[in-house]
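A closer look at the structure
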Amino acid sequence: MDRSDVSASADTLFAAAAWHEPGAGPRYLQLSRHIADAINGGTLREGQKLPAERDLADLADVSRVTVRRAVAELVRSGLIAQRRGAGSFVTGTAPRTEQSLSTLISFTENMKARGRVSTSRLLNRGLHAPSPDEMMALGLSPARQVARVERLRSADGTPMAIERSSLPADVLPDPEAVEISLYEVLRRRGQAPGRAIQRVTAVNVTGPDAELLCLPENTAILRIDRTGYLDSGRPVEFTRGLYRSDFYDFVSELRPDRD
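To keep things clear, this report deals only with the structure shown in the data block. The structure displayed is predicted, hence computed values, not measured ones.

How each quantity is defined
- Residues numbered from 1 in each chain as written.
- Predicted model: local features only at pLDDT ≥ 70, side-chain atom pairs only at ≥ 80, totals over all residues.
- Heavy atoms only, no water.
- Helix = DSSP H or I, 4+ residues; strand = E, 2+ residues; numbered from the N terminus.
- Contact = heavy atoms within 4.5 Å.
- Areas by Shrake-Rupley, 256 points an atom, 1.4 Å probe, with all protein chains shown as cover.
- Phe/Tyr/Trp six-rings, centres within 6.5 Å; stacked < 30°, edge-to-face > 60°.
- Lys NZ or Arg CZ within 6 Å of the ring centre and 35° of its normal.
- Core = buried A, V, L, I, M, F, W, Y, C linked by side-chain atoms within 4.5 Å.
- Buried < 20%, exposed > 50% of the residue type's maximum accessible area, 1.4 Å probe, protein only.
- Pairing = 2+ DSSP bridges.
- Axes fitted to C-alpha atoms, helices over the stretch in contact; angles between N-to-C directions.

With that settled, consider the overall build of the protein. Each helix and strand in the protein was counted, giving nine helices and ten strands. In the protein, 61% of the contacts between residues at least 6 apart in sequence involve partners at least 24 apart. When the accessible area of the protein is evaluated, it comes to approximately 13,400 Å², of which 48% is carbon and sulfur surface.

To describe a pair of aromatic rings, you give the distance between the ring centres and the angle between the ring planes. The final tally for this structure, using the stated rule, is zero aromatic pairs. Lying over the aromatic face of Y28, R69 brings its terminal NZ or CZ to 3.9 Å of the ring centre.

Below, the discussion takes up the nonpolar core. By size, the foremost hydrophobic cluster in this structure holds 25 residues, and its most contacted members are F14, L31, I35, I39, L44, V67 and I80. At the level of elements, α1 (10-13), α3 (27-40), α4 (53-60) and α5 (64-76) are the ones that each hand at least two residues to this core. Ranked by residue count, the leading element in this core is α3, at six residues.

Positionally, N218 belongs in the loop between α9 (207-212) and β8 (219-229). Considered as a pair, N218 and G207 are eleven residues apart in the sequence and their alpha carbons are 8.8 Å apart. Each residue touching N218, except ones within four places of it in the same chain, is listed here: N204, V205 and T206.

As a further point, take the environment of L138. Take L138: it is sitting in helix α7 (residues 132-138). Residue classification places L138 among the buried residues on the basis of a relative accessible area of 4%. The spatial distance from the C-alpha of L138 to the C-alpha of T227 is 7.9 Å, given a sequence separation of 89 residues. Contacts of L138, omitting those with residues within four sequence positions, involve V146, S166, L167, P168, P235, V236, E237 and F238.

Taken in spatial order, the six strands line up as β4-β5-β6-β9-β8-β7 in an open sheet, and their pairing is antiparallel. Among the strands making up the open sheet, the edge pair consists of β4 (118-128) and β7 (195-205). With strand direction ignored, the average angle separating the axes of adjacent strands in the sheet is 15°. Where β7 and β8 come together, eleven bridges link them in antiparallel fashion. Looking at the pairing, R195 lines up with Y229 of β8.

Functional significance is not addressed by these values, which are geometric in nature.
Shown next as structure tokens:
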């Protein structure tokens, strides 16, 4: 795989004269389409690194915000992968990730089973007073506490999902114990859910969540609310996850009604 940086021809490739057409739509979309055409046409090859955000903004004569939005479009389409601390690289079409709605499996386990390298960035964890949604899902009173664990989940360096999990404090008294896999910690404590109910909803991502997922504002994604139960029937996990619909396919198995 050619991992060289884009050569000196970048001066011509990314110059505004090569891609900008007045009145043809937002600049970030024009720049994004121009780079996509360069990838699909072989001008930019798999493994090549794009210029740094500041350099690309100078070459294209646009703001860094415009560059950021253009690259986010390319990441969303699977043509570019962003690697933390390394930059943006041409990848070609990214493989979609299939996840069963009928099997209770963690993100870490799902990625490992598919031969992909998963990483988790902890955004928040701690003990808090429960919200109305948490009280309803977990059957808690306002006097109880919940353990919250919020993580950005990535596969092969690409942000895939934001998962916000809440559990009764007696089930997870030390949220700091969660580093990568929440279910691994729960299994060690004998508190892992044995079944779950999930609700899938289409939503548009905005604000900080869009930025974390490297998506433009109002991009359509999937939201999954999952309540996990012990075999005794007690609800012990409420997770609200935001998943990139360009990378995720959720599937379920249907069986005929025998009645």
